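Chain residues, written in single-letter form:
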Amino acid sequence: MSAKKIVEDFYKSDAVINPEVMDSFIHPEITLDWNSSQGFLQMDREKILALSAEIGRAYSRSKIKISHILAEGDLVSVRYSHFVKTIENPREEMLLAHFIVIWEIKDDKLYRGFQMSQLS
């Protein structure tokens with residue numbers, strides 16, 4: 001499977017809100033460097049799975065809308081917006097944040113990520 005297809009499948013899945021699905025996409029030695037509106041985070045496998053579980057508890061639905069995706073070899077760059085529906089108001093979809101990330105794929109898994117985000 002191509003690196004681009006792996007990343008597309010990841011963002012089309014429920015991985016962001018489901019740690020079991022997330023686990024199927026991430027490499028055992030994954031590292032994500034994330035520059036957010038709140039500061040810099042460096043996340044390993046355990047932290048990523050914990051974040052997925054936390055998001056799953058806070059939101060009833062998560063949807064990623066990709067605006068750009070570029071691939072070269074094992075590197076994939078993605079620009080997307082993340083929309084969620086809260087448990088309190090499952091009928092209203094709200095924009096959570098905008099993201100851009102560069103993923104390195106290894107062994108058909110997300111291995112190394114460099115991400116920037118801005119809250120909506």
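Scroll up to find the structure.
Below you will find a few notes about this structure. (Residues numbered from 1 in each chain as written. Predicted model: local features only at pLDDT ≥ 70, side-chain atom pairs only at ≥ 80, totals over all residues. Heavy atoms only, no water.)

### Let's talk about a negative patch on the surface
A contiguous patch of negative charge on the surface is contributed by Glu29, Asp74, Asp107 and Asp108. Positionally, Asp108 belongs in the loop between β5 (93-106) and β6 (109-119). (Patch = residues over 30% accessible without salt bridge, like charges linked within 9 Å, V, L, I, M, F, W, Y side chains within 5 Å. Areas by Shrake-Rupley, 256 points an atom, 1.4 Å probe, with all protein chains shown as cover. Salt bridge = Lys/Arg side-chain N within 4 Å of Asp/Glu carboxyl O. Lys, Arg positive; Asp, Glu negative; His and termini not counted. Charge placed at Lys NZ, Arg CZ, Asp CG, Glu CD. Helix = DSSP H or I, 4+ residues; strand = E, 2+ residues; numbered from the N terminus.)

### Here's the deal with the environment of Val7
Inspection of the secondary structure puts Val7 in helix α1 (residues 3-12). Sequence-distant contacts of Val7, that is, excluding residues within four places in its chain, are made with Ile69, Val76, Val78, Trp103, Ile105 and Leu110. (Contact = heavy atoms within 4.5 Å.)

### Focus: the pairing of β5
A regular strand carries its side chains on alternate faces of the sheet. Note that strand β4 (residues 75-86) and β5 share 11 bridges and pair antiparallel. Residue pairing across strands places Val78 opposite Val101, the latter belonging to β5. Between the antiparallel neighbours β4 and β5 lie 6 residues. Sheet topology places β5 next to β6; 10 bridges connect them, and they run antiparallel. Bridging from a neighbouring strand, Ala97 pairs with Leu119 of β6. The turn joining β5 and β6, which pair antiparallel and follow one another in sequence, is formed by 2 residues; a positive phi near 55 degrees is taken by Asp107. (Pairing = 2+ DSSP bridges.)

### Notes on the pairing of β6
As defined by bridge partners, strand β1 (residues 26-36) adjoins β6 across 6 bridges and the pair is classed as parallel. Each residue of the ladder has a partner; that of Asp33, found in β6, is Phe114.

### Topic: the nonpolar core
One finds Val7, Tyr11, Val78, Trp103 and Leu110 to be the most contacted residues of the largest nonpolar core, which totals 25 residues. Residue assignment for this core shows that the elements contributing at least two residues are α1, α2 (19-25), β1, β3 (59-72), β4 and β5. Discounting residues that sit within four places of it in the chain, Trp103 has contacts with Val7, Tyr11, Ile30, Leu32, Asp74, Leu75, Val76, Leu110, Arg112 and Gly113. Of all hydrophobic cores here, the second largest spans 5 residues; its members include Val16, Ile17, Tyr59 and Val84. (Core = buried A, V, L, I, M, F, W, Y, C linked by side-chain atoms within 4.5 Å. Buried < 20%, exposed > 50% of the residue type's maximum accessible area, 1.4 Å probe, protein only.)

### A closer look at the pattern of salt bridges
Inspection of the entire model under this criterion finds 5 salt bridges. For Arg61, the salt bridge is made with Asp14, and the minimal N-O distance between the two is 3.8 Å. Pair noted here: Arg61 is in strand β3 and Asp14 is in the loop between α1 and α2, with a separation of 47 residues, a long-range link. The class of Arg61 is partly exposed, set by a relative accessible area of 41%. The shortest N-O distance in the salt bridge between Glu93 and Lys63 comes to 3.1 Å. Residue Glu93 is found in strand β5, and its partner Lys63 is found in strand β3; the two are separated by 30 residues along the sequence. Residue class for Glu93 comes out partly exposed when judged on its relative accessible area of 33%.

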